[in-house]
Amino acid sequence: MNASSCNACKQCMPLGACIAFKGIEGVLPMLHGSQGCATYIRRYLISHFREPIDIASSNFSEETTIFGGNKNFNTGIDNIISQYHPSVIAIASTCLSETIGEDVQYLINEYKSIHAGMAGLPEMIFASTPSYQGTHYEGFHEAVYAVVKALANERGKVGKHLNLFSNLISPEDIRHLKEIVSDFKLDAMLFPDYSDTLDGTSWDVYHRISQGGTPIEAVRKSALASLSIELGYILTAQSAGDYLQERFDVVCRKTGLPVGIMESDKFFDLLSAVSNRPVPEKYVKQRGRLVDLYIDGHKYVSGKRAVIYGEEDLVVALTAFAAEIGMKPVLCATGGESGKLEKTLRDVLGDLYSGEITVGQGMSFERMEKEMNNLQPDLMIGNSKGYYIARKMDIPIVRVGFPVHDRIGAQHMKMLGYEGTGMLFEQIVNALLEHKQRKSPVGYQYM
Amino acid sequence: MVEEKDKVKGGVITGLQAFRDEVITKYPKKVAKKRAKSIVLSDPEQIPEIQANVRTIPGIITQRGCTYAGCKGVVLGPTRDIVNITHGPIGCGFYSWLTRRNQTKPVSGEEANFIPYCFSTDMQDSNIVFGGEEKLKQAIREAYELFHPKAIAIFSTCPVGLIGDDVHRVARHMMEEIGGGINIFGFSCEGYRGVSQSAGHHIANNGLFKNLIGRDDEVRGSLKYRVNLLGEYNIGGDAFELERLFEKCGINLVATFSGNSTIESFENAHTADLNMVMCHRSINYVAEMMETAFGIPWIKVQPIGARSTAKMLRKIARYFGEQELIDKVEEVVAGEMAEVDAVKATIYPKTQGKLSMLFVGGSRAHHYQDLFEELGMTTIAAGYEFGHRDDYEGRRVIPSIQIDADSRNIEEITVGRDATRYNPRKTEEELKVLEEDLEFAEYKGIMNQMEKGTLVIDDLSHYEMEKLIERYHPDVFCAGIKEKFCVQKMGVPLKQLHNYDVGGPYAGFKGAINFYKDIEMMVGATIWKEIKAPWESEAYIEAQYAY
């Protein structure tokens, strides 16, 4: 284990938390700490999603680090309320506030008790996200968990609705998932739904808080759902689905991100069982087209040696897909350190798991590059940060995951379900063809 | 100033006073009182006082970054052969990894270039509890084994100061341990230390002076016309264009702080005879220290815009005073301007009379007004993200700036004359003769250039930005990525002046041409007309029931 990280393959916890927070309707996120955290995280998220993303800060000064952040916290909340009138203020901690031991939940309770009875007092939710305890992926799930924990309550009757915890996916994939569950006639609360807030339309009038997001009323009712579906096998130590199961007996079914036929089949099977309906014709056809597409394209991908990297559940999904289309995943790398990646890959891939796969957790790009020098890969699949290695090795890269900041359209990247998989498959085949065409001494115009 | 014939019509500027008052009254009383001091109307004849470089109010969304960003990201980041290690958890290092688009061009393939790398100690829980010094030492050992760099710099993030890690002690320790003349130095640039990234610039300036400048006395290259360019960071290749011009004129550029720079150039910088300051905010401290220690005079330049670039070259020629250089500069300017004017002639009719607003940086909001003026565009509102009063009102106000707790956080270093190397480049008499044309050690600030009645706003808030756009709908708004999509949602194109939207260079003559073309494209875009679909327009009549 290296002491240092050179070219990390992960970001910090509050960044992940902010993405999840943006999935709440009427939210304004605030980071409790130095203003640089809000600025860095905003600029990074914005360069991926290309949407306005407002994140407030309690702007710690040196004095605040000595005397505590109480005053800054209250001023921050006051100003957010008066300027933005949010229905929720979602607060994540930073290294700074965690290191000095700020008790943010206490600050929230105090603020609420002082302002009890105030009209328009927003919900306040806190997620503890010190960057030295995990990656942006843990931060994302910590925030999902914190929101559900803060809001879910069992007042009312158990309903037929279900909860869908959709993991860190693109806005386009969120829309696709919503379409799928609605085609099964399921009443599902998808959380966090940032499909509009992080991928909006052009506006006629300016909205200080982007429209869209999961309504807080829907999250409140998550305790009364008939079932939770949670996408992703790895997640974090305690997930929102686990919490609802333990606390409110809402059964939680976990399945992987539905990429590829194998994993999509599991997801559609599950929806079919839950809804007690056959898979709608539309998806039967989408599946058929995907199989047809695999047949058309398999010879271009077969045996190609792929390097796959990113968040752990994304790596699992992409590896399962790569293996099923006949590629050889040679390196599966993540910056996360859950300790579950290799086992999960073995479980999900089953017979497709080959001894040739190198699995690396806690990986940096610099270490990936070292590995890759011996692996002779044909292709990289992952976020933009791997581009420099692809360039050095002169191999194509297909950009998925977070961050994608050297191409436009990251928010529209679709890869879930049969339809999304088809689009990803086409991208991969075309990247390989493009590369082959470019490298060909004669060039060719027809294949 | 914008030429008379291009000035905006219809009382736009005279209406700004009322607009200002209206915006301020919308704030809660306490905030209004504070913001009123930071929103003023320009008057070059009688420059008003502006409140700047004060803490952003919590909960008010700001453009500003942190001390670490200014130190590591801005000033030290662009030097290619220093290994920069961020001491802290992973986020800060990651977010400052290549995001500023500062470019570098190693002379040969063998030359060290660490710009593509982001080193971090990636602190974990146990390091916060038990201290991170050992991990930092190990990280330095690893970086050394990997690259054998000549220098390693350590940058502190927020938790480092809190847990009491002493990066300076670690630097000294590791310098001894590794030996072989390696230079290792640390920066106490924890994010919370200052009001904005500006504090980080100051800390970086001190570090440059203490640890790098003046360590190598060997005079390399020509003895003639030796200059340094300070506060140029080679975003989008700006430094390459300026280097091209200096070379064409026969001017010997010793060091750039810090676009396309190397350790050697810093160590050697004191062998130059003139310092030129481009971004006053981020580097003026180095210019002052070098004048005190080595006797090198400094002048302010702003090679953004073709006319201003020509002005800079002529100032250099005037300073050295040799006819050979004066003639060469005139020849180069004439040749370059012919190209610039040819392009400008086709674009100017499309941009003339349009409105711009600039809210960026500590000098860009000023410099880029020159380019807009060349396009016949008026800047009706501008301000800095992290400027100080002197950047607005001119250096004459420096003695009257109040020192607050935040400024006291930054280490002040005392610089005296260098015992052996202090050598005034010009006599007092010579300087006096040149003073009128060159204005040594002077920067008159943004308000000296902005038309009377235009709006100057420090640390623009989101709310103020929204109101400005709603009311004035400028033809182009200049800021950064954080503002880009907010502004564009309101139907106004935003030009990023932090990283140039994958464009550039914009400095020098070729840069001016690039900028003209990019602005032509932005103000001429027709997509904004499509925001409303035909069925949403008022002319579209729905079928109605007749009663």
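Residues numbered from 1 in each chain as written. Chains lettered and ligands numbered in written order. Predicted model: local features only at pLDDT ≥ 70, side-chain atom pairs only at ≥ 80, totals over all residues.

## Describing the overall build of chain A
Reasoning step 1: Per the secondary structure count, chain A includes 17 helices and 14 strands.
Reasoning step 2: Computed over C-alpha atoms, the radius of gyration of chain A comes to 22 Å, within 12% of the 22 Å expected from 2.2 N^0.38 for 447 residues, which places it in the range of a compact globule.
Reasoning step 3: Referenced to the eigenvectors of the C-alpha coordinate spread, the extents of chain A come out at roughly 75 × 50 × 45 Å.
Reasoning step 4: Taking all 447 residues of chain A together, 58% fall into the buried category.
Reasoning step 5: Across chain A, every contact between residues at least 6 apart in sequence was considered, and the portion connecting residues at least 24 apart equals 73%. (Helix = DSSP H or I, 4+ residues; strand = E, 2+ residues; numbered from the N terminus. Rg over C-alpha atoms; globule rule 2.2 N^0.38 Å. Buried ≥ 20, exposed ≤ 12 C-beta atoms within 10 Å, placed from the backbone. Contact = placed C-beta atoms within 7 Å.)

## Observations regarding the overall build of chain B
Reasoning step 1: Along its length, chain B carries 21 helices and 14 strands.
Reasoning step 2: Against the 2.2 N^0.38 benchmark of 24 Å for 547 residues, chain B shows a C-alpha radius of gyration of 24 Å, consistent with a compact globule.
Reasoning step 3: On the principal axes, the C-alpha backbone points of chain B span a range of 95 × 65 × 50 Å.
Reasoning step 4: Relative to its full complement of 547 residues, chain B shows a buried share of 55%.

## Quick notes on the interface of chain A and chain B
Reasoning step 1: Each side of the interface is counted separately: chain A has 56 residues, and chain B has 59 residues.
Reasoning step 2: Among the elements of the structure, β1 (5-6), α2 (35-49), β3 (56-57), α3 (62-67), α4 (70-84) and α5 (95-99) of chain A are those that each provide at least two residues to the side of chain A that touches chain B.
Reasoning step 3: Two elements, β1 of chain A and strand β3 (residues 119-120) of chain B, share two bridges in a ladder whose sense is antiparallel. Residue Ser-5 of chain A lies in a different strand from β3 of chain B, and its bridge partner there is Ser-120 of chain B. (Pairing = 2+ DSSP bridges.)

## Comments concerning the domain arrangement of chain A
Residue and element names in this part refer to chain A.
Reasoning step 1: Parsing chain A into structural domains produces domain 1 (13-151), domain 2 (162-275) and domain 3 (281-439).
Reasoning step 2: The C-alpha centroid of domain 2 is placed 23 Å from the C-alpha centroid of domain 1.
Reasoning step 3: Facing the 28 residues of domain 1 at the interface are 28 residues of domain 2.
Reasoning step 4: Within the residue set of the side of domain 1 that touches domain 2, elements represented by two or more residues are α1 (13-21), β2 (27-32) and α7 (136-151).
Reasoning step 5: Looking at which element gives the most residues to the side of domain 1 that touches domain 2, the answer is α7, with eleven residues.
Reasoning step 6: For the side of domain 1 that touches domain 2, the class distribution of residues is 17 nonpolar, four polar and seven charged. (Domains from an automatic or database assignment. Nonpolar A, V, L, I, M, F, W, Y, C, P; charged D, E, K, R; others polar.)

## Re α2 of chain A
Think of an α-helix as 3.6 residues a turn; residues three or four steps apart then line up on the same face.
Residues and elements named next belong to chain A.
Reasoning step 1: Compared with the 21 Å implied by 1.5 Å per residue over 15 residues, the 21 Å span of α2 between its first and last C-alpha is a close match.
Reasoning step 2: The element α2 is largely enclosed, with a buried count of 14 among its 15 residues.
Reasoning step 3: Just downstream of α2, Arg-50 is the residue with a positive phi angle, here 55 degrees. (Expected span 1.5 Å × (residues − 1).)

## Examining the sheet that holds strand β12 (residues 455-457) of chain B
Residues and elements named next belong to chain B.
Reasoning step 1: One open sheet holds the six strands; their spatial order is β1-β12-β11-β10-β13-β14, and the pairing between them is mixed. Every interior strand has two partners, whereas the edge strands, β1 (39-41) and β14 (494-496), have only one. Strand-to-strand twist in this sheet, taken as the mean axis angle between neighbours without regard to direction, amounts to 20 degrees. (Axes fitted to C-alpha atoms, helices over the stretch in contact; angles between N-to-C directions.)

## Looking at the environment of His-176 of chain A
Residue and element names in this part refer to chain A.
Reasoning step 1: Along the chain, His-176 turns up in helix α8 (residues 171-183).
Reasoning step 2: A C-alpha to C-alpha distance of 8.0 Å links His-176 and Gly-417, two positions 241 residues apart in sequence.
Reasoning step 3: In this view, His-176 contacts Lys-414, Leu-416, Gly-417, Glu-419 and Gly-420; residues no more than four positions away in its chain are not counted.

## Considering the environment of Val-227 of chain B
All names here are of chain B.
Reasoning step 1: Looking at the element boundaries, Val-227 is found in strand β6 (residues 226-232).
Reasoning step 2: Between the C-alpha atoms of Val-227 and Glu-373, which are 146 residues apart in sequence, the distance is 28 Å.
Reasoning step 3: Not counting residues up to four positions away in its chain, the partners in contact with Val-227 are Ile-251, Asn-252, Leu-253, Val-254, Ala-272, Asp-273, Leu-274, Met-276 and Ile-316.

## Here's the deal with the sheet that holds strand β5 (residues 183-187) of chain B
Reasoning step 1: Strand order across the open sheet formed by five strands is β1(A)-β3(B)-β2(B)-β4(B)-β5(B), with mixed pairing between neighbours. The sheet is open, and its two edges are formed by β1 of chain A together with β5 of chain B, each paired on a single side.
Reasoning step 2: Where strand β4 (residues 151-156) of chain B meets β5 of chain B, five bridges bridge the pair, whose relative direction is parallel. Paired with Phe-155 of chain B across the bridge in β5 of chain B is Phe-187 of chain B.
Reasoning step 3: Running over the sheet, helix α8 (residues 167-178) of chain B touches β2 (82-87), β4 and β5 of chain B and is turned about 175 degrees from β5 of chain B.

## Some thoughts on the packing of α1 of chain A against α7 of chain A
All names here are of chain A.
Reasoning step 1: Close contact between α1 and α7 brings their axes to 6 Å; oriented N to C, the two are set at 45 degrees. The angle between α1 and α7 falls in the class oblique. Considering only the axes of α1 and α7, their crossing is right-handed. Counting all contacts with α1, which are made through Met-13, Pro-14, Leu-15, Gly-16, Ala-17, Ile-19, Ala-20 and Phe-21, the residues of α7 involved are His-136, Tyr-137, Glu-138, Gly-139, Phe-140, Glu-142, Ala-143 and Val-144. (Parallel < 35°, antiparallel > 145°, perpendicular 65-115°, else oblique. Left-handed = near helix turned anticlockwise from the far one by under 90°.)

## Digging into the domain arrangement of chain B
All names here are of chain B.
Reasoning step 1: In terms of domain boundaries, chain B breaks down into domain 1 (1-64 + 213-547) and domain 2 (67-193).
Reasoning step 2: For domain 1 versus domain 2, the separation of C-alpha centres amounts to 30 Å.
Reasoning step 3: Between domain 1 and domain 2, the contact holds 16 residues from the first and 17 residues from the second.
Reasoning step 4: Residue composition of the side of domain 1 that touches domain 2, grouped by class: five nonpolar, eleven polar and no charged.

## Overview of the packing of α7 of chain A against helix α10 (residues 240-248) of chain A
Residues and elements named next belong to chain A.
Reasoning step 1: Here α7 crosses α10 at 30 degrees, and the two axes come no closer than 8 Å. Taken together, α7 and α10 sit at an angle that is classed as roughly parallel. Note on element contacts: α10 touches α7 through Ala-240, Tyr-243 and Leu-244, opposite Val-144, Tyr-145, Val-148 and Lys-149.
Reasoning step 2: Looking at the contact of α7 with α10, its residues break down into six nonpolar, no polar and one charged.

## Notes on the pairing of strand β6 (residues 162-165) of chain A
Residues and elements named next belong to chain A.
Reasoning step 1: On β6, burial covers both faces: Leu-162 and Leu-164 on one face and Asn-163 and Phe-165 on the other are all buried.
Reasoning step 2: One crossover worth recording links β6 to the parallel strand β7 (residues 188-191) by way of α8, and it is right-handed.
Reasoning step 3: Relative to strand β8 (residues 227-231), β6 runs parallel, the two being bridged by four bridges. Paired with Leu-162 across the two strands is Leu-227, which belongs to β8. (Right-handed = clockwise from strand over helix to strand, strands pointing away.)

## Overview of the pairing of strand β7 (residues 252-258) of chain B
All names here are of chain B.
Reasoning step 1: Most of β7 is tucked away, with six of its seven residues classed as buried.
Reasoning step 2: As judged from the six bridges shared by β6 and β7, these two strands associate in the parallel manner. The partner of Leu-229 across the bridge, within β7, is Thr-256.
Reasoning step 3: A crossover connection joins β6 to the parallel β7 through helix α10 (residues 238-249); in handedness this β-α-β unit is right-handed.

## As for unusual backbone geometry
Reasoning step 1: With an omega dihedral of -5 degrees, the bond running from Phe-191 of chain A to Pro-192 of chain A counts as a cis peptide bond.
Reasoning step 2: With respect to the helices and strands, the residue Pro-192 of chain A is situated in the loop between β7 and α9 (216-220).
Reasoning step 3: Between Phe-257 of chain B and Ser-258 of chain B the backbone carries a cis peptide bond, its omega angle lying at 5 degrees.
Reasoning step 4: Position of Ser-258 of chain B among the secondary structure elements: in strand β7.
Reasoning step 5: A positive phi angle, near 50 degrees, is found at Asn-260 of chain B, a position not held by glycine.
Reasoning step 6: Among the structural elements, Asn-260 of chain B can be located in the loop between β7 and α11 (263-268).

## With respect to the environment of Lys-344 of chain B
All names here are of chain B.
Reasoning step 1: Mapped onto the fold, Lys-344 is located in helix α14 (residues 323-351).
Reasoning step 2: Look at Lys-344 and you get partly exposed, because 18 C-beta atoms sit within 10 Å.
Reasoning step 3: Between the C-alpha atom of Lys-344 and that of Ala-512, which follows or precedes it by 168 residues, the distance is 9.2 Å.
Reasoning step 4: The residues contacting Lys-344, other than those within four sequence positions of it, are Glu-374 and Tyr-516.

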